[in-house]
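Survey of secondary and tertiary structure
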Amino acid sequence: PRSPSPTKRKKKFFSGDERPSFEESDEEDEDMQQVRIKRKCSTALLNMSLNKKMSSQFVEQGGMAALLDLAATCKDEEIVTNCAAALNNLIPYGDYYPPWKLCDLGVVPVIVKLVKSDDARVRHFMALCLC
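Residues numbered from 1 in each chain as written. Predicted model: local features only at pLDDT ≥ 70, side-chain atom pairs only at ≥ 80, totals over all residues. Heavy atoms only, no water.

This part covers the overall build of the protein chain. Counting secondary structure elements, the protein chain contains 7 helices and 0 strands. Start at the N end of the protein chain and walk to the C end: the helices and strands fall as α-α-α-α-α-α-α. Taking all 131 residues of the protein chain together, the buried fraction comes to 33%. When contacts within the protein chain are restricted to residue pairs at least 6 apart in sequence, long-range pairs at least 24 apart make up 67% of them. Accessible area for the protein chain stands at about 9,700 Å²; split by element, carbon and sulfur atoms hold 54% of it. (Helix = DSSP H or I, 4+ residues; strand = E, 2+ residues; numbered from the N terminus. Buried < 20%, exposed > 50% of the residue type's maximum accessible area, 1.4 Å probe, protein only. Contact = heavy atoms within 4.5 Å. Areas by Shrake-Rupley, 256 points an atom, 1.4 Å probe, with all protein chains shown as cover.)

So this is what it looks like as structure tokens:
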């Protein structure tokens, strides 16, 4: 016979008033699910920004708008860092599209917001975008 896995969770039984509120946990689960989805999206956008062929079409295909929206609206450290790194990768590709287009998309306000981040990595990426 096998012994139970040490990582296997034991079922927790509650009695009376100890039961957790399912409404609260459902809301938390939904919020965490949204964060996980946004993390995956920011990682995908970062990976796309590393591909030269994709970078050249990033603005036209809506990638920059999605990236800026995530960067401006999310507070999760992983998401913001991924967005900052992707922006840093994409700004030099202004050769593929005119710089005014970046301004029209709203890059400047997002960079200004991210420069104020507490995370040194995010500030570093934004400083590189400005150079």
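Read on, since the account is not over.
Right, let's get into the pattern of salt bridges. Going through the model one piece at a time under the given rule, you end up with 4 salt bridges. Note that D76 and R39 form a salt bridge whose closest N and O atoms lie 2.7 Å from each other. Here the residue D76 occupies a position in the loop between α3 (63–73) and α4 (77–90), and R39 occupies one in helix α1 (residues 22–49), the gap between them amounting to 37 residues. The shortest N-O distance in the salt bridge between E78 and R39 comes to 3.6 Å. (Salt bridge = Lys/Arg side-chain N within 4 Å of Asp/Glu carboxyl O.)

Our next topic: the packing of α3 against α4. Packed helix pairs are characterised by how far apart their axes lie and by the angle those axes make with each other. At their nearest, the axes of α3 and α4 sit 9 Å apart, and the two run at 140 degrees to each other. Classed by the angle they form, the pair α3 and α4 counts as oblique. For the pair α3 and α4, the sense of crossing is left-handed. The segment α3 lies against α4, with M64, L67, L68, L70 and A71 engaging I79, C83, A86, L87 and L90. In the contact of α3 with α4, the residues fall into 10 nonpolar, no polar and no charged. (Axes fitted to C-alpha atoms, helices over the stretch in contact; angles between N-to-C directions. Parallel < 35°, antiparallel > 145°, perpendicular 65-115°, else oblique. Left-handed = near helix turned anticlockwise from the far one by under 90°. Nonpolar A, V, L, I, M, F, W, Y, C, P; charged D, E, K, R; others polar.)

A few words on the nonpolar core. M64, L67, L87, V107, L114 and M126 are the most contacted members of the largest nonpolar core, which has 27 residues in total. For this core, the secondary structure elements donating two or more residues are α1, α3, α4, α6 (107–115) and α7 (120–130). Non-local contacts of M126, meaning those with residues more than four positions away in its chain, are made with A84, L87, I111, L114 and V115. (Core = buried A, V, L, I, M, F, W, Y, C linked by side-chain atoms within 4.5 Å.)

Let us now look at the environment of R123. For R123, the location among the structural elements is in helix α7. Once the C-alpha coordinates of R123 and K113 are considered, the two residues, 10 residues apart in sequence, prove to be 9.8 Å apart. Not counting chain neighbours up to four residues away, the residues in contact with R123 comprise L114, V115, S117 and D118.

Bringing the packing of α6 against α7 into the picture now. Where α6 contacts α7, the axes come no closer than 8 Å and their chain directions differ by 140 degrees. Regarding the angle of α6 to α7, the classification is oblique. Like other packed secondary-structure pairs, α6 and α7 cross with a definite hand, here left-handed. Judged by residue contacts, I111, L114 and V115 of α6 engage V122, R123, M126, C129 and L130 from α7.

As far as function goes, none of this settles anything; it's purely spatial.
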